[in-house]
Each structure stands twice: as C-alpha cells, then as structure tokens.
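Summary of structural features
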Amino acid sequence: MSAATAHEAAATAAPMAAPQAAAAWPFLQMVNVSRRFGSLKAVDDVSFDMAAGELRAVIGPNGAGKTTFFNLISGLLPPSQGRVIFDGEDITRRSIAHRVAKGIVRTFQITEILPDLSVFENIRVGVETARGINARPWIGRGERIAVNRRIEELIAIVNLTDKARRIVGELAHGDQRVVEVAVALSVGPRLLLLDEPTAGMGDSETEHMVDLVRRLHSDQGVSVLFIEHDMDIVFGIAQRITVLDRGRVLADGPPEQISADPQVRAAYLGEAE
Amino acid sequence: MQLLLFNAFNGLIQGVFYALMALGLALILSLNSVINMAHGGFLVIGAYLAYTLSPYLGFWGALIVGPLLAGVIGLAVERGLIRPIYKRSDPLYSLLLTFGLALIIEDLTRTIWGAQGLPLEVPDVINSPVSETYFFITGYRLFVIGITAAAAIGLYLLLRYTLLGIRIRAGTSDLETTAALGVNIYKLRALNFGFGCLFAGLAGVLAAGVLGLTPPMGNSLIMPSFVAIIIGGVGSLFGAVLGGLLIGLAAGIVTTYYPAASEAVIYLMMLIVLAVRPRGLLGEEGLFE
Amino acid sequence: MTRAATIAAMWIALIALPWWLPLIGGYTALGSKVLIYAIATMGLNLVLGFTGGLSFGQAAYFGLGGYGAGMTLKYLVPSTPLAILIGTLVGGLAATILGPLVMRRRGIYFAMITIAIGQLFYFVIVRWNEVTGGEDGLAGFGRQDIHLGNVVIPLTDVNFYYLVLLCFTVAVAVMWTLLQSPLGHTWVAIRENRRRLQFLGVRPERYVWASFAIAGFITAFAGTLNALLFNFTSPQDLHWILSGDFVIMIVLGGMRSFFGPLIGVIIFVVAQDYLSSLTDNWMTFIGLIFVLIVLLFPRGVFGIFDRRAKIA
C-alpha cells in the first residue's frame, strides 16, 4: 500500500484509540540493547520505552530485527549488550518462566499450539498454569469446576464457543492463531507480545483478529505490543508505532508522526509499494 | 604390572571395535536421524560373510569384501525399509524398525551358521606376537589398530575434501537447505547409511579375528558403542572414536582390579559425563537436548 | 457400546478369566503375565505416549522391581506384600534418581540415554553373582501366603491371578487419575509442544522427571509381580530386548490410548507364546512383527478408531 492510504488509515484510527494510560514510569524499557549473531547485528543499540496500557506496533522491513527484538523481551534469547527492564525490575538475565510470571506472554510468527488437542484442552493447560496447580497429580471437583468456568469464559472472549471441542490441528489457520492468543490470554498477561497476529489470514479472519486485539486492549486492560506487516492494521489500531530498520530504531511516535516522517517514508513505506 | 598392561591393551583393542562401531552409528545418527539398533546386525553380517568367503578369497579378500557386502546390504535396507519412514517425524519408528531387524539378523545368523562360536583364521604373517615379554601384543592386534586408524582418517578426508563428504556434512547441519540447493538427499542418506554399515562390517571382520564369531556378538557390542557416542558427544565423529577408546581402556584397566565391574564401569563413566558435561566431551552445545 | 459398558465388560471378562482361558487352550499364569505386562506398559506409556519421551530402557526398572521383591523374600522377610513394596521402591527410586540425567533430552537422545542407563543395571545384576545369582537368575524364593488378620490366603495360581488383577485395578485407577489431573494435562502438553508450554511459564524438565519417575515406580511394581508369578527372575527381565518388546506392545495397541497397551500386550504375549511353541526361529517372527507394525500399522489397534492418533 502507499503512504497516502496509510495516512488516511491513521486519520480514521485516531478517534478510536483508547485514552493513554497515565503511567508514571516506563512499563517496558530497553536500554541500549544489542544482539549479535556472529558478525550480524540483528538488534543494534536499541533503546525503547513502552507505557502500561499502550497498544503499540513494531514495523520494519524483513530482516529489520523485529522477531529478535521480541525474543529479547520474552527471554528466548539473552541480549549481547544492554538491559531489559519490566515494571521496575531488571529482567535482562531472568528466565522465560520468571518473565511469564511477571506478565510477559507472547505468541509466535509460526503458530505454536497443541495440535492434537481440542480448543478447550489447549486453553486448559494455560488456565491450570495460571492457577498454579499444573503439578498436581489429582484435581478436586470444586477446582475442576472453577477451571472449566474460566476456560469457557476465555473461549467466549475469543468467540470460539461453537468450536470448543474441535481438534485445533484441524481448524482453519485463522482460528488456530486465535487459539494461540486465547492460550496466551489464559495465563493472565499484562504485556502481550503478538508476532504477526494476522499473518497468512484471509480478510474476514484478519478482521476477527484485529477486533480481538482491540478488545483485549480496551476490555481486558492488556498492554499489547505487536509486529505487523499490514499497514491498514498498524495505522488502524496502534496508538504508537516503533519502526525498526537493520536492527536500529528508525522512528518512534504516534501514527500521524510516523506516516509523515520522511526517513520512514524513504526507508520503509516507499518500499512497501 | 604385566597384568595391567595386558588388560589395558586388551581393553584398547576392545575400544577400537567400539570406536569403529560408534563411528558408523554416529554417521547414521547425524545424517539419517536414525538410531540404528541393527548396527550390531551389520557387524555380524560383515563378519560371517567374511568367514564364509575367506576360503575362496583368502583373509585379505574377505577383509575387503565382507565389509563391502555389509555396506551394500545396508544400502538395500535403507532404500527398502527406512526411506519410507523418514517422513514420520517421530524417531520412535526407525528405532523399532531397526530393533526388529536386529532380532531377525541375530536369529537368522544362528540358523545359517549355528549358535556355537566359529574362528576366523588370520594369516600367520600378522598373527605372531611382536615380543616375548608382551606376548599379547600380536601383529594382528597392531594391524587392527592400524586399519581402524586408516579407516577413521580415510573417513575424515572423505568428509573434508570430497564433494560427497561436503554434502554429507552440509546435510547433517541443515538437511532442508541442502535439499533446496539441489542435492539429492535421498541418495545422500542412502549412501551415508551404507557407509555406516560398512564400518560396522569392518569392525565385525576385525573383531572376528580376535574374538571369533558368535551370533550375538553384534548386539553385545552395540550398547558400548552408544555409550561411546554419548561420552564423546553427539554430533562429533572424533568424539565417538575418543569415547570408544576411552571406555575400552577403562574397562580393561578395571578388569585388572575388579573384574566384575568391567562392564558396569563404562555406564558409570557415561553417567558421570552426563552429570558433569551433558553434551559429552566434544559434543556441540544444544545439539544434545 | 458406551465407554463405560466396554470397560465393565472388560472387567467381567478379566474376573472370569480363570474359567474361560483354559477352555480356549490358555492357562491362568498366562493371564497373570498379560496383566503384569499391561501394568508395566501402561506405566511406560505415561512417558512414551503421554509425555512424548522415548524411554527405551524401561525393562531395567521392571527387572529391578523383580530382583527387589525376590531378594526381599530370599534374604529379608517372608512376606509377599513387603516384597512388592520393597521391589517397587527399589525400581522406582532408581528411575527417580536418574531422572534428572534424562529429563532435558529429547527424541533420539532421550532414547539413547535411557537404553544405555538400563544396561548399567543389567550388568550390575549379572556380575553381582553371589547375591543375584548372576546369569542364571535369582531362584530359591517363593511367594508367601497372605495373612489378613486370622485369615490366610494361599497364593495358588488362581488366587495369585486375582492378586494381580487387584494390583492392575489399583494401577489403572492411579494412572487414570493422573491423566485426568493437571499434571497429566501438562504431560500431554509437553508431548504436543514443549515450546508453547515454556512460554506459558512452565519448566518442562521437572514434569518429564515426574513422568519418568512415576513410570519407573509403576513398571517396578509390575516387575515385582512378575518375579512372584514365576518365583524366579533373571537378567533377561532387565535386558534392552525386553525394553524394546514393551515399546512395540504399546505401539501395537496404540500409544495415544489409555488401554492401548493392554491390547498390544494381549496380542504380543499370546503371539510370542504361540510362536515359541511352533518354531525355533520365533525371534525372526517377532522381528518381522516389529518391521510390519512400523511399516503398515504404526497407529496400532486403537489408532484405527481414533482420528486423533496420527503419526506425527
């Protein structure tokens, strides 16, 4: 798409954006973070702030380091340099489990689900984990009822009630990605990282996902950081956009500012033609 | 002291067989992603075919033809039985299939050649002791060490400098990309499997000259070969050789002082290595998990 | 038939087994052996089919259970319940202690390490002759009558079968409860997608360890019964060949199904019993069964009925 339509999208998006949460300190902060693979600098001296309650997009051409950036936040990779701070705690060297316990939960570019299990069973694992009971070798009736109620609730939030008993591996691609979001949601995220949530989706699937992300942000109060290639979506829902290019932050700001930024237009939006 | 040397040298020879077995197993493990439980079977095939052919071809001819036939049979088994199950990502199936083959080969060997042990005649030229004091160091045993060293170096040169070897190494590190570059990975994997079995056959013929032939000989050598790979480090061929020699030597030394523990010691060594250095002595990080 | 009706019918058939099995040419001890192997394989299947860990050395814990029970009777105390208890503890604790060495491995490496560890116990038993009887196996013990207050139950073949059936029922109840529990759900999730679970904040290793340890206890439990059945146990009960047999029985029945291993055991044990009476080359036929199952029948008996049991 062209920069012009992107600009229009941004303009229409503005009234819909949720009011900025008044965060006193940065919710997620990255300080001069780099990650090298051999001689390649996938992420190069990136500093980044995100406030609680934000709905933020990360964009950039292929190879810009977006997924590496996510891996550094979620703990899949340690940074070569720099610090990652979440909610006042330096989590640079903390485990994935610790980060999840603090509320950082992610999805993947290639859907990570439990393919041979039903939608219900996929979400159950998350709910039981969130309740801290997943090492228990038995389950009482009361607990089971509570777990099941929560699962049904989550399934209702993502609009999959009619498919609750279906095997996830047999669902359409779009539904599988929705299941992945629901599973992520089940462990009670405060910061949800979505890696290309609409990748490979058809129009109606995309619409469903975009609507879901928006509702998670506004109704569930989850801060969302998402990587996305579709500029209609990015400028449609993001309150703020961070542009990565060759591992560096090229620009960072509200949609109007990004679409007007000549550097971004030259390096990125122009290329998307 | 003499006894210690005697046992240590015997252990080293045993270790040479483990190393040869482990080398073939490791080749197949890394490119074919198959734990070849039938590897001992190919050892037995090589050994018994050499035994049967040696009256016609002589020892030297049998030493070459036996392993080659084991390799060819391995190639056929790969094409007929293993290739159809590569697409199943669960390694369980290739494990069970080769397990079944191991049972079949041992049983048929017993039926064809009998359960009792058979000797493989080694030419006198190389079978006499090298010195009076160290009577256990026969020419044949030195010959075994020499052949194994030559085979290992040959394999190294093949992997390092020939197109086939380079392709095998490429396939090991990333099969999909290798296929995308236009290499016929089916052919590559078949050849590699054949190579692995050839090494097993070679171990068989050499071992037969020292230990004689019995149908279960292969299946009793395969477990220590696993241990050799685990100790040496999965993904490292040199590690497999090193692991084999180490456990052979350790078993030999322990025999001197506490014979009952000579087998258990190699498994204990494995546990220690796993606890202290999970990836093995020379293994690549991450590959093991 | 509903699931409940099928299971009820199964139990009625098992309770009546001492009456009908001889009529079709079997013998009660064969029924005991089937149930004992069913306990062992269903226990192993907690790791193999439900947690996705390729445990290929399970016979070690089976055999340790057997030796634990036999040696208790022979050297310590003439009590059948204590023999079962001690044997179960010996095998189960061995698996628990070694669990941390295997819990991080995956796929073929999990298989290799579990096989090799199994061989350690094999050689300890074989070489520790003065106590274990070495290659010849451990004999010279016998299961003891059970004393319940003033009642004495003699363990005849038929009574022993009912003891085994009781143990089978208890083991099934325990395993069923486990698989319905959050722990069981976590195991299945590990099999399905380890990474997904890690990013839900779960550390899969600990759960694999739990699975391996619990499977060890259950297999050892079966091993104690096996030693009591024959009043004998041998190194063959720890050998990797038996480990492989356990795995093929599970695959034959259907590794994704709870009762699959039972079906596999029935087919395999009966086939083995029959083939070994028929031909000296029965090992070749067992080998062929392995090859044919893998090539033609990888989803097992239960897999035919279950869409979900795909061979991923």
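Remarks on the overall build of chain C
Along its length, chain C carries 15 helices and two strands. In terms of overall size, chain C behaves like a compact globule, its C-alpha atoms giving a radius of gyration of 19 Å where 312 residues would be expected to give roughly 20 Å. Across its three principal directions, the C-alpha atoms of chain C cover 55 × 45 × 45 Å. Expressed as a percentage of its 312 residues, the buried residues of chain C come to 57%. Taking as baseline every contact in chain C between residues at least 6 positions apart, the subset at least 24 positions apart corresponds to 75%.

Considering the interface of chain C and chain A
Opposite the 22 residues of chain C that make contact, chain A presents 26 residues. In terms of residues, the side of chain C that touches chain A owes the most to one element, helix α9 (residues 182-192) of chain C, which gives seven residues. Tallied by class, residues from the side of chain C that touches chain A come to nine nonpolar, eight polar and five charged.

Some thoughts on the interface of chain C and chain B
Each partner contributes to the interface: chain C provides 38 residues, whereas chain B provides 42 residues. Breaking the side of chain C that touches chain B down by element, the ones donating at least two residues are α6 (107-127), α12 (240-253) and α14 (282-296) of chain C. The biggest single contributor to the side of chain C that touches chain B is α6(C), with 14 residues.

Observations concerning the sheet that holds strand β8 (residues 223-227) of chain A
Residue and element names in this part refer to chain A. What the six strands build is an open sheet, ordered β6-β7-β8-β3-β9-β10; its pairing is mixed. Of all the strands in the sheet, just β6 (104-106) and β10 (248-253) have a single pairing partner and so form its edges. Across the sheet, the mean angle separating the axes of adjacent strands is 20 degrees when strand polarity is ignored. Its contacts with the sheet put helix α2 (residues 66-74) on β3 (55-59), β6, β7 (191-195), β8 and β9 (240-245), and the angle it makes with β7 is roughly 150 degrees.

What about the sheet that holds strand β5 (residues 89-90) of chain A?
All names here are of chain A. With antiparallel pairing, the four strands of this open sheet are ordered in space as β2-β1-β4-β5. Each edge of the sheet is formed by a strand with only one pairing partner; in this case those strands are β2 (40-50) and β5. Relative to strand β4 (residues 81-86), strand β1 (residues 28-37) is paired through five bridges, and the arrangement is antiparallel. For Ser 34, the partnering residue across the bridge sits in β4 and is Gln 81. α2 contacts β1, β2 and β4 of the sheet and is inclined by roughly 60 degrees relative to β2.

Things to note about the arrangement of the chains
With two pairs of chains in contact, the largest contact count belongs to chains B and C. Nowhere do chain A and chain B come into contact; their C-alpha atoms are at least 14 Å apart.

Looking at the packing of helix α13 (residues 260-278) of chain C against α14(C)
Residue and element names in this part refer to chain C. Where α13 contacts α14, the axes come no closer than 9 Å and their chain directions differ by 145 degrees. α13 and α14 meet at a crossing whose hand is right-handed. Where α13 approaches α14, its residues Ala 271, Gln 272, Leu 275 and Ser 276 are matched on the opposing element by Trp 282, Phe 285, Ile 286 and Ile 289. Taken together, the residues of the contact of α13 with α14 sort by class into six nonpolar, two polar and no charged.

Describing helix α3 (residues 28-51) of chain C
Residue and element names in this part refer to chain C. Relative to the 34 Å expected for 24 residues at 1.5 Å per residue, α3 spans 34 Å between its end C-alpha atoms, a close match to the ideal helical length. The largest bend along α3 reaches roughly 45 degrees and is located at Asn 45. Directly after α3, the chain includes Gly 52, whose backbone phi takes a positive value near 80 degrees.

So, the packing of helix α3 (residues 92-113) of chain B against α14(C)
For the pair α3(B) and α14(C), interaxial distance at closest approach is 8 Å and the crossing angle is 160 degrees. It follows from the interaxial angle that α3(B) and α14(C) lie roughly antiparallel. Relative to α14(C), the crossing made by α3(B) is left-handed. On the side of α3(B), the interface is formed by Tyr93(B), Leu96(B), Leu97(B), Phe99(B), Gly100(B), Leu101(B), Leu103(B), Ile104(B), Glu106(B), Asp107(B) and Leu108(B), while α14(C) contributes Met283(C), Thr284(C), Ile286(C), Gly287(C), Leu288(C), Phe290(C), Val291(C) and Val294(C). When the residues that make up the contact of α3(B) with α14(C) are grouped by side-chain class, the tally is 14 nonpolar, three polar and two charged.

Focus: unusual backbone geometry
Phi is positive for Asp87(A), which is not a glycine, with a value near 50 degrees. Positionally, Asp87(A) belongs in the loop between β4 and β5. For Asp87(A), a count of 16 C-beta atoms within 10 Å gives the class partly exposed. Within the chain, Ser33(B) stands out as a residue other than glycine whose phi angle is a positive 50 degrees. For Ser33(B), the location among the structural elements is in the loop between α1 (2-32) and α2 (39-82). What makes Ser33(B) partly exposed here is the crowd of 16 C-beta atoms within 10 Å.

A look at helix α5 (residues 141-157) of chain A
Helical geometry: 3.6 residues make up each α-helical turn, so side chains three or four residues apart lie on a common side. Residues and elements named next belong to chain A. Relative to the 24 Å expected for 17 residues at 1.5 Å per residue, α5 spans 24 Å between its end C-alpha atoms, a close match to the ideal helical length. Within α5, burial applies to Val 147, Ile 151, Leu 154 and Ile 155. On an axial view of α5, the arc spanned by its buried residues comes to 100 degrees, and they lie on one face. For α5, the exposed residues lying more than 90 degrees away from the buried face are Arg 141, Gly 142, Ile 145, Arg 149, Glu 153 and Ala 156.

The rules behind these values
Residues numbered from 1 in each chain as written. Chains lettered and ligands numbered in written order. Predicted model: local features only at pLDDT ≥ 70, side-chain atom pairs only at ≥ 80, totals over all residues. Helix = DSSP H or I, 4+ residues; strand = E, 2+ residues; numbered from the N terminus. Rg over C-alpha atoms; globule rule 2.2 N^0.38 Å. Buried ≥ 20, exposed ≤ 12 C-beta atoms within 10 Å, placed from the backbone. Contact = placed C-beta atoms within 7 Å. Nonpolar A, V, L, I, M, F, W, Y, C, P; charged D, E, K, R; others polar. Pairing = 2+ DSSP bridges. Axes fitted to C-alpha atoms, helices over the stretch in contact; angles between N-to-C directions. Left-handed = near helix turned anticlockwise from the far one by under 90°. Expected span 1.5 Å × (residues − 1). Bend = angle between axes of the 7 residues up to and from the residue. Parallel < 35°, antiparallel > 145°, perpendicular 65-115°, else oblique. Arc of directions from axis to C-beta.

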